[in-house]
Amino acid sequence: MSKFIMHRLLFMVVTLVVISILSFIIIQLPPGDYLTSYITQLRSMGTDVSDEQIEYLREQYGLDDPIYVQYFKWIGNFITGDMGFSFSWNRPVNELVWERLGLTLVISISSLLFTWIVAFPIGIYTALRQNSLSDYFFTFLSFIGVATPNFLLALVLMYVSFKYFGINVGGLFSPEYADAAWGIGKITDLLQHLWIPVVVVGTAGTAGLVRIMRANLLDELGKPYVTTAKSKGIPNYKVILKYPVRIALNPFISTLGWQLPKLISGSTITAVVLSLPTTGPLLLDALKSQDMYLAGSFIMLLSVLTVIGTFISDILLALVDPRIRYV
Amino acid sequence: MFKSKKFVFSLVVMIIALMTVAAGAAEIPDSWSNPDTAAEAGITEFNQSPVLDQRVENGELPPVEERLPVPEDLQVIEPVEEVGQYGGKVVSTAIGPSTESDGTVMRPWMFQLDKTMANAVPDIAKSFELTNEAKTLTIHLREGLKWSDGHPFTTEDIIFWWEDVAMNEEVNHWTQWNWKMDGVAPEFTAIDDYTLKVEFPRSNPTIVDTTLTWWRSQQSFFFSPKHYLKQFHADYNPEVKETAEEEGFGNWVQYFTNKMEVGPVQTNTELPTMGAWVLEDINSSRKLFVRNPYYYKVDSEGNQLPYVDEWEITIKSDAEVAKVDALQGNVDFAARILSPSEFPMYKQNEEVGNYTTYAYNNPVQAQIGLTFNVNHPEEAKREVYSNKKFRQAMSVALNRNEINEFAYRGLAEPAQATAKPGAPYFKEEWLDHYAQYDTELAKELLNEIGLDEKDGEGFRVLPNGETLIIDLEIPAPGSVGGTAQLGQVAELVKAYWEAVGVKVNLKTLSRELYQQRADAGEHDIGVWPVNVTRDINAFGFDSDGTRYATKWAQWDTWRMWDETGREGEEPPKGMEPPEHAKEQLRRIHEYSSAPSQEAMNKMLGDIWQYYMDQTYVIGTVARPMAPAIVADTLHNVPETAPYSNATGAWQITKPEQWFTTK
Amino acid sequence: MAKENNQNENYEDDIYAASQKELIWMRFKKHKLAMAAGIVLIIMYALAIFAPFFSAQDPHQRRVSYKEAPPHQLHFEDTEGNFSLRPMIYPYSKEIDMETFEDIYTEDESKPTPIKFFVEGFEYEVLGLFETDIHLFGTGDENRPVFIFGADSLGRDLFARIIYGARISLSIGLIGVAVSLFLGILIGGIGGYFGGKIDLFIQRMIELVRSIPQLPLWMGLSAALPSSWSAIQVYLAITIILSLMSWTSLARVVRGRFLSLREEEFVIAARLMGRSPLEIIFIHMLPSFLSHIIASLTLAIPGMILGETALSFLGIGLQAPVISWGVLLQKAQNLYTIANAPWLMLPGLFVIITVLAFNFLGDGIRDAADPYSK
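The written sequence of each chain sets the order in which its residues are numbered from 1. Chain letters start at A and ligand numbers start at 1, both assigned in the order the entries are written. With the structure being a predicted model, the display of local features is reserved for residues of pLDDT at least 70 and the display and counting of side-chain atom pairs for 80 or more, all residues being used for whole-chain, interface and lining totals.

Chain B has the name Peptide/nickel transport system substrate-binding protein in an unreviewed UniProt entry, where Halanaerobium saccharolyticum is given as its organism.

By the naming in an unreviewed UniProt entry, chain A goes by Peptide/nickel transport system permease protein and is assigned to Halanaerobium saccharolyticum. UniProt positions are given in the numbering used here, feature names are shortened, and annotations may be inferred rather than shown by experiment. According to the UniProt record, the Subcellular location (unreviewed entry) comment for chain A reads "Cell membrane".

Here it is, written out as structure tokens:
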């Protein structure tokens, strides 16, 4: 087992190095750099920038160094925990990311819980009533969530909530509560704003889970031990809940690790439409304006989490399923 | 048809104007073009916001008379409607860290534009004189001016900026491009604490207009708080080099400019400023500004401005969310995020949101201007694009009325891009110059210049047999400069040009990519708003964004380098322009040092006539309405005003005299 | 009773004698939802392929007087109460509300316009073979267009634009999965077949690709596309970019299957007979779980369709003047549209229906093809 772990750890490091190089390249891919984007902004505001200024700024920001020099400077800092400096926000990246992390996690975890709470019962129910009308109906329902483009759904819900309930669910807090201290009022306000992103993001994930749950359960239900249990007279619900469901849950536990990066990046598109102060929109803006350090460090953060997540998943899987032990 | 649409538009504008007048319209007072001083107005007693009373009592702040400039120099601002009440918070929203308040409301200037946009009204400055054939500029500051931390504002701050920032070898690249004339820098001398003298190597009659009023001088600060900034400047504090590295900056200059804030976005809460509100708190979702106790203006009853105590900007990442805030009445004002095509929606929600929609006017000369690159690298295209008949043909092929209807809901003016109406050298006929919709004329002109042969699909071919394809590149919606409107107009333009047989390849790119190609002179056609409120730079050969003749401009720079003794590195040679363009370049060099205003106007007239004849810039619609949402609880906001980034956005409505009854 | 028994017996006989394909088909038919989905998809693709025929107006033609006009109401009764089976519409007359500058459309009842079928309209080419101008329905009058889904902000027929847009949106899915298919089978197959170190390497590579954050990759690649490329080239590039991320799931499935199939007798036999690895992979192993692959592909298509809309939304995918569902949705993505022109969101409905259909179809195929399920 320990050999297995060593092996995986080594591989993790290699993956991260490759990804760091890739990320850096990806950010640099669009022509120009942060400066061109900054200059474009200035020009659109009616300000002129001279060529001299541009050259000077480029030098100051270290953007005229050869690419590999820039890369090493960045990755060197990253390893020591310094994620660099954001040009557009004029603040260290660390500050920006930590600021938004809390709320991102709140939304992500809520969506995850929502997905589970909705998907499991439906999965179980439809497995039991396979090919019946209610099976079709619920499957249909859960699939609508995944079929609707998130951005459209988010906008429509926002509009409905504004027009018919008079609430602006954009952002996470109403203006009155933005800097208020935490209390019942603020929490209620947060919940009011939270439901739309949670629903939008959550429904996208339900269908997949329902399908997997259903399939796994069906597999288990066909097994002899279930028939045996039933014939012994154990009530139906006990039969189902005691073993089959638990086994059907296995894949979820093992895939828990992959949820980690999603939790952190939050659902970017929904967050953009609803203007949530989460990490997703931050990353998107950084990519668009080629804010090198913010984008790069953020991507690295996500990758590190993904890799760790996969690692955890693999360990969990290996622990849980004795069949999967490979050198 | 064309004339009648313009008539309808003017009718509409008149109706709106009448409606607002009937409503007891609050307009920008004429006195703002020439405000009285407190001494002139006979004001001897001054009041302050109750919020500051405590601080004066326990000695934190000097009494109000000592915080204001002396009465002989103190500006009196007549409120738009009535004298306001102190207190409250004004809320607005923005998309991203750069807001519609930052560089404008929060950063006053030496001079401000007045509502006609033709005059520079002294603001921080008290007055100025241009003498010695406009070679000497003397600026008088207001005695008793103070920074937001109480430290006096004097010529020391200007000299500091000039000598230690603009002219400092290490820091210098930020600001002085506007100041060097033919490579020679002017001389700054402080006569005393409140008098500054600037001497130029040659006549510079437009210096106040072009440099010291807001919109041109974003990067050209002219003053900085010396008492605060010197601790970050290596010449005053050598230890800053270490500090800079400790703080994570590459070198002390980066650290210094970070503290000084040379961009339009305010992020440094420690920096003293001259604005009515000072930045107190900032995070990625919100900026909070609070009252500046040393603000240098009072109202007509001697109350120190501003009325409003706090100014908050919430930062959203999406325009639609920001709009919901506006529609719901969660903000006190909004304009930048609005667009004329959505005007009905703003009106529909006025009851719900408790606000009124004002119809401001964006003075832009061409909301979307099209400029063919006459220095295109491919010879065949270059031949065509530099033929003025081609440009004129493409201009009349556009159905501006339709563009107006589709993209602006009829709320703009179909017109050719030209000088500002109202300027002394302006000619009415320029607005109609090749601006009519005449596809027959377009086809005729195209045939005349040799583009009469068509290919298999019916598109015109170049003399070399290849189909002429115009690459029309625009920024994608969502990127900087990209709007849904631009996309619509581009689709329309493509349709119109293809209808007269010219194939168009419409591509959406990131703006940065477009910018790069334009800078390198590789683009086919520039697409940019043409803003010509005060000078002609936007029509110039290598004007920002449009850049239709960069190689000619380069040739001119090379010529100057060659003729003035070939100092320094040889600049690129560019492309030699034809005689008429050389003439124009000469005129442009000359007009800025004209000995008198009349002479200058005559030259400008010639310059503009040339531009119109050549039709380099093809305008679409001009002066669209700029809707603005103003909460019913926000007062002293004028109901009509020019509104655009170039005129300082809201600055022209003087938010310092707004007050809220929330 | 006897009859039932008889039927049962026939059924058993059928199963016994049926080939694998027929077996799968019979099981598939039982899955009603999948059948319905299949029919829906056939209709969609038919609409897309023969889009010009089904459109009443040219999707590129703009009309100022119909800017953002609501869908025409179909009337079966005229103003005098006469009923007719042939539907009829009234053209719109437009007025501007002077206060809000809203466009107000009212039906002009003085001009009843019947809908004709197989009517003459704008010219088009059928499958690049011949030209015609017959359309399924229309008014036959250029100046009286019929907008069954309303018009967009340039006064263009939304219905026509939706079905023209289907051509791009539906084909992106197909092309994209074709690329994923190729990559997935190749890479997964190699790993699964050879096992050992090669497999380990392939596995790691798959994981690496999966760990790359999607959004930045899309943005970076899209922004790097040279500006000189035509719309078609951009379209293909985007398709490939989308499929770059999705081949990994297929690869894993293929690899898993191969690992288990490797030890099956028929494979060993083939190896002993001297077949080359590639032959074995493609000729022997693949067909045994072809249906699984088909199921996976069908389930991957919706991801690509949604991906296309997401890219357009972000401004890095297809843009106007190309017509795709993503582009159409992007124009509807603002408050003003939802409030004043909600019909512009109809492309979203088409996306939902298509995605649902593919999902059910895929499920049905998989259930039917899996020999181990009930």
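A. Quick peek at the interface of chain C and chain A. Contact between residues is assigned whenever the C-beta positions, reconstructed from backbone atoms, fall within 7 Å. Contact residues are listed per partner, giving 34 residues for chain C and 33 residues for chain A. Going along the chain from the N terminus, every DSSP run of H or I of four or more residues is numbered as a helix, and every run of E of two or more is numbered as a strand. Looking at the side of chain C that touches chain A, the elements with two or more residues in it are α6 (196-211), α7 (214-224), α11 (290-314), α13 (335-340) and α14 (346-369) of chain C. The greatest single-element share of the side of chain C that touches chain A, amounting to eight residues, is contributed by α7(C).

B. Inspection of the sheet that holds strand β15 (residues 366-372) of chain B at higher detail. Residues and elements named next belong to chain B. Only when DSSP finds a minimum of two bridges between them are two strands counted as paired. Spatially, β19-β15-β20 is the arrangement adopted by the three strands of the open sheet, whose pairing is antiparallel. Pairing within the sheet leaves two strands with one partner each, and these edge strands are β19 (525-530) and β20 (617-618). In this sheet, β19 lies alongside β15 in antiparallel orientation, the contact comprising five bridges. Looking across to β19, one finds that Leu370 is bridged to Val527.

C. Looking closely at the sheet that holds strand β9 (residues 277-283) of chain B. Residue and element names in this part refer to chain B. The strand order across the open sheet formed by four strands is β2-β12-β10-β9, and the pairing between neighbours is mixed. Across the chains shown, the open sheet's two edge strands, defined by having one partner strand only, are β2 (89-95) and β9. For this sheet, the mean inter-axis angle between neighbouring strands, taken without regard to orientation, is 20°. To get an axis, a line is fitted to the C-alpha atoms, and for a helix only the part in contact is used. The angle between two axes follows their N-to-C directions and goes from 0 to 180 degrees. The strands touched by helix α10 (residues 319-328) are β2 and β12 (310-316); relative to β2, the strand with the most contacts, the crossing angle is about 155°.

D. Here's a closer look at the confidence of the model for chain B. All names here are of chain B. Known as pLDDT, the predictor's confidence for each residue is given on a scale from 0 to 100. In this model, chain B carries a mean pLDDT of 83, and residues with pLDDT of at least 70 account for 87%. Every residue in residues 1-5 scores below 50 in pLDDT, and together they form five contacts with partners more than four places removed in sequence or on other chains. In the model output, the complex is listed with pTM 0.82 alongside ipTM 0.78.

E. Fine view of the pairing of strand β6 (residues 136-141) of chain B. Residue and element names in this part refer to chain B. Three exposure classes are used, all based on how many other C-beta atoms lie within 10 Å of a residue's own C-beta (placed from the backbone): buried at 20 or more, exposed at 12 or fewer, and partly exposed between those limits. Residue alternation in β6 divides its side chains into a buried set, Leu137, Ile139 and Leu141, and an unburied set, Thr136, Thr138 and His140. Where strand β5 (residues 125-131) and β6 come together, six bridges link them in antiparallel fashion. Looking across to β6, one finds that Ser127 is bridged to His140. Between β5 and β6, which pair antiparallel and follow one another directly, the connecting turn spans four residues, one of which, Asn132, has a positive phi of 60°. Note that β6 and strand β8 (residues 195-199) share five bridges and pair antiparallel.

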